[in-house]
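Inside the fold
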Amino acid sequence: MKILVLQLARLGDIFMTWPSIRALHRKYPNAEIHVLCRKKYASALNGLKAVSKIKHLPTQEIIANLTSVKKSSSEDVLNVFLQELKSEKYDLVVNFSFSPLSSRLTYFLASETTKTIGYTRHSDGFFNVDGEVSAYFYAQVGTQKFNRFHVSDLMASMIGVDLVSSDWMPPIINGMTLDLPKNYIVVHVGASEEHKSVPAYKWGKILNSFLEKESQYAVVMIGSAEEINKARAIQTTVLTGQVIDLVGLTEVEELFAIISKAKLVLGADSMAMHIASLTQTPCFNISLGSVNFWETGPRANNSLIYRVTKSDELSADVVIQGLFSILRKVETSSFVKVITQGGQTEYISSKKDPQSFGWQLVKSIYLGEKRPMCDDLKFFEGILKMNEVNQVSIQQLDAVSKVGAAKVAPILDRADEVIQLLGKVVPYMGIISDWYMTEKLRIKPGHESEICKEEIRIHQMMKNLLRSYIPEDLEAEANNG
Amino acid sequence: MEENLKVLIKSKISALEAEISKSEKKEKYTEELQKKTILQEILKEQVQNENTRFTTR
């Protein structure tokens with residue numbers, strides 16, 4: 001058996017994919033697993049024994065051939081790549097990339113003998129979220145959403161496995177000696193995106209305070225070459241203790257070795273934290289801005305998450321409190337606590353959860369759990385409005401056989417626009433409208449009557465969902481027009 | 001990315017867009033059309049820096 005895994009995202013996402021690739025290997029022990037990634041991030045797969053071949057997307061060659069005077073064009077480069085990929089005759093293609101490009105590549109490789117999992121296209125080229133987990137991902141995962149399933153667990157669900165402890169392991173690194181002090185903490189100074197990153201002056205404040213109080217520890221700074229200037233700026237502000245600046249100087253294997261021997265990793269949502277999840281090194285994760293720690297947070301046991309809306313609100317004293325709590329194994333209720341056992345992770349917070357309703361509503365839709373109660377009047381008003389629009393759509397769809405699809409299509413389109421608008425402006429309604437729009441994307445191309453039947457099925461599901469929040473008398477009124 | 005290269009990529013994206021919409025009107029999602037859309041997506045990612053997880057359509 002031959003399997004291709006598509007992972008075209010960045011370093012952190014590749015590390016979050018490791019457990020699922022191992023689980024895939026556990027599920028199909030005799031399978032040859034290939035991974036398609038971008039050349040610049042391919043080193044993130046070094047040492048992952050479950051992978052037998054790493055393939056690169058030839059982006060740079062394609063770009064270079066746009067300007068080349070040589071005979072071969074970008075189209076030729078792409079053709080060679082695609083034909084080579086197709087000639088592998090994969091039995092299974094698993095798309096863990098969740099991107100438009102990956103959906104097109106997945107469809108290109110699909111055949112009667114090549115099954116696919118994840119985002120793909122319909123036979124007419126339209127986007128298709130194939131499978132329940134992919135549909136969930138498309139509708140409910142990302143910033144400003146209520147998802148609380150970790151991306152690594154969602155990937156595992158896509159391939160139908162539960163992750164176990166052995167899926168969360170670092171690579172075996174032989175013969176690497178580190179010239180570092182015995183006791184050190186790792187600080188990842190940057191993040192993949194600026195909005196997730198802690199500013200240099202804040203790092204300076206945090207490190208000064210830490211090294212002043214904990215002189216037995218050194219600080220090892222890591223990061224990418226783009227973060228060299230930031231690291232220098234931090235170092236100039238640190239007046240005490242030992243700071244070792246390795247920013248821009250480390251290979252991925254070295255990062256694994258450095259992080260696995262560290263007492264903890266301090267940083268924002270970044271690849272260092274995802275490496276720490278594999279080395280089981282506790283993290284103090286500063287979760288900034290729109291980052292959703294539930295879906296990309298640390299997995300190492302005893303890690304702590306410090307949630308901050310803006311970097312201005314980030315308190316050095318609070319960070320120090322968290323670092324002490326991990327290093328001295330002192331219980332604290334100030335942070336979200338990470339409890340990991342048997343490959344499964346729970347995030348526990350003692351604080352009031354203002355977004356609990358959203359998550360309960362998501363679970364009620366996707367897992368069939370009981371609908372949660374809500375006391376937000378705007379939500380009920382939104383439900384009534386959406387129900388009205390849904391009723392109109394059902395009536396229009398019922399009329400298709402008499403008046404034809406062309407006549408009702410503009411009304412249905414307008415109804416969808418209103419549903420999406422309600423999802424944007426009314427609290428929590430986005431959960432319902434995103435679920436609805438995603439279900440519609442899953443309708444296959446076909447005869448008008450088949451599409452109509454599918455549309456009605458989705459609107460009926462929507463009706464059942466909405467009626468849970470509509471008092472009986474109002475519902476009867478709405479149904480009677 | 002260099003500004004000139006960005007302009008070149010954008011013009012190639014537009015050229016592909018024109019070819020794709022012309023083909024879409026006439027034919028199904030053929031292998032040739034699939035290749036064009038793949039190339040277009042690769043180029044789009046370069047100018048939009050979209051190789052992150054949550055980019056969708």
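Definitions and limits used
- The residue numbering used here restarts from 1 in each chain and proceeds along that chain's sequence as written.
- In the order they appear in the text, chains get letters beginning with A and ligands get numbers beginning with 1.
- At least 70 in pLDDT is required for a residue's local features to be given in this predicted model, at least 80 for side-chain atom pairs to be given and counted, and no such filter applies to totals for whole chains, interfaces and linings, which use all residues.
- Side-chain descriptors were evaluated using all non-hydrogen atoms of the structure, hydrogens and water having been removed beforehand.
- By the convention used here, residues are in contact when the closest approach between their heavy atoms is within 4.5 Å.
- When two parts are put together, the accessible area they lose, computed with a 1.4 Å probe and summed over both, is reported as buried area.
- When a carboxyl oxygen of Asp or Glu is within 4 Å of a side-chain nitrogen of Lys or Arg, the pair counts as a salt bridge.
- Runs of H or I in DSSP of at least four residues are treated as helices and runs of E of at least two as strands, each being numbered from the N terminus.
- All axes are obtained by fitting lines to C-alpha atoms, using only the stretch in contact for helices, and the reported angles, taken between N-to-C directions, cover 0 to 180 degrees.
- Between 65 and 115 degrees an angle is taken as roughly perpendicular, under 35 as roughly parallel, over 145 as roughly antiparallel, and anywhere else as oblique.
- By definition, any crossing whose near helix is turned counterclockwise from its far helix by less than a right angle is left-handed, and any crossing with a clockwise turn is right-handed.
- Note that Gly is not counted as nonpolar here; it falls among the polar residues with everything else outside the nonpolar set of Ala, Val, Leu, Ile, Met, Phe, Trp, Tyr, Cys and Pro and the charged set of Asp, Glu, Lys and Arg.
- Two strands qualify as a pair provided that DSSP identifies no fewer than 2 bridges between them.
- Any Phe, Tyr or Trp ring, taking Trp's six-membered ring, that has another such ring centre within 6.5 Å forms a pair; planes under 30 degrees apart are called stacked, those over 60 apart edge-to-face, and the others tilted.
- A 1.4 Å probe rolled over the protein chains alone gives each residue an accessible area, and that area as a share of the maximum for its type sets the label: buried under 20%, exposed over 50%, partly exposed in between.
- Note on criteria: charge over ring means Lys NZ or Arg CZ within 6 Å of the ring centre, with the direction from the centre no more than 35 degrees off the ring normal.

Before going further, it helps to spend a moment on the interface of chain A and chain B. Opposite the 47 residues of chain A that make contact, chain B presents 23 residues. A per-residue breakdown of the area chain A buries against chain B is headed by Leu66, Pro100 and Arg104 of chain A, which together make up 19% of the total. Seen at the junction of chain A and chain B, the total is four salt bridges. Salt-bridge contacts for arginine 104 of chain A lead to glutamate 41 of chain B; the nearest nitrogen and oxygen are separated by 3.3 Å. Secondary structure elements with two or more residues in the side of chain A that touches chain B: α1 (11-27), α2 (59-67), α3 (74-87), α4 (100-109), β5 (115-121), α5 (132-140) and α11 (293-296) of chain A.

A separate point is the packing of α5 of chain A against helix α16 (residues 429-441) of chain A. Residues and elements named next belong to chain A. Here α5 crosses α16 at 135°, and the two axes come no closer than 9 Å. Comparing their axes, α16 and α5 come out oblique. The two elements α5 and α16 cross, and the hand of that crossing is right-handed. From α5, Ala135, Tyr138, Ala139 and Gln140 reach across to α16, where they touch Ile431, Asp434, Trp435, Thr438, Glu439 and Leu441. Classifying every residue of the contact of α5 with α16 gives six nonpolar, two polar and two charged.

Attention now goes to the sheet that holds strand β14 (residues 344-348) of chain A. Within a sheet, adjacent strands bond to each other through the backbone by hydrogen bonds, running parallel or antiparallel. All names here are of chain A. Spatial ordering of the open sheet is given by β9-β8-β7-β10-β11-β12-β13-β14, a layout of eight strands whose pairing is mixed. This sheet does not close on itself; its edge strands, each paired only once, are β9 (243-245) and β14. Strand after strand, the sheet turns through a mean of 25° between neighbouring axes, direction not considered. Sheet topology places strand β13 (residues 336-341) next to β14; five bridges connect them, and they run antiparallel. Looking at the pairing, threonine 340 lines up with threonine 345 of β14. Against the sheet, helix α9 (residues 252-261) makes contact with β7 (184-188), β8 (218-222) and β10 (265-267), and its axis sits at roughly 130° relative to β7, the strand it touches most. Helix-sheet contacts for helix α10 (residues 271-279) involve β7, β8, β10 and β11 (283-288), and the interaxial angle to β11 is about 145°.

All names here are of chain A. With mixed pairing, six strands are arranged side by side in an open sheet as β3-β2-β1-β4-β5-β6. Because the sheet does not close on itself, it has two edges, and the strands there are β3 (53-57) and β6 (127-130). Adjacent strand axes in the sheet meet at a mean angle of 30°, parallel and antiparallel pairs treated alike. In the sheet, strand β2 (residues 32-38) pairs with β3 via five bridges, with the strands oriented parallel. Bridge pairing links leucine 36 to lysine 55 in β3.

Residue and element names in this part refer to chain A. One pass over the full model with this rule turns up 27 aromatic pairs over all chains. For the ring pair phenylalanine 379 and phenylalanine 380, a centre distance of 5.9 Å and an interplane angle of 70° mean the geometry is edge-to-face. By relative accessible area, phenylalanine 379 is classed as buried at 0%. Three or more aromatic residues link up through ring pairs in this structure, and these residues are Phe146, Phe357, Phe379, Phe380, Tyr428 and Tyr469. Its end group placed over the ring of phenylalanine 108, lysine 86 keeps NZ or CZ at 4.2 Å from the ring centre. The lysine or arginine in question, arginine 328, covers the ring of phenylalanine 324, its NZ or CZ lying 4.2 Å from the ring centre.

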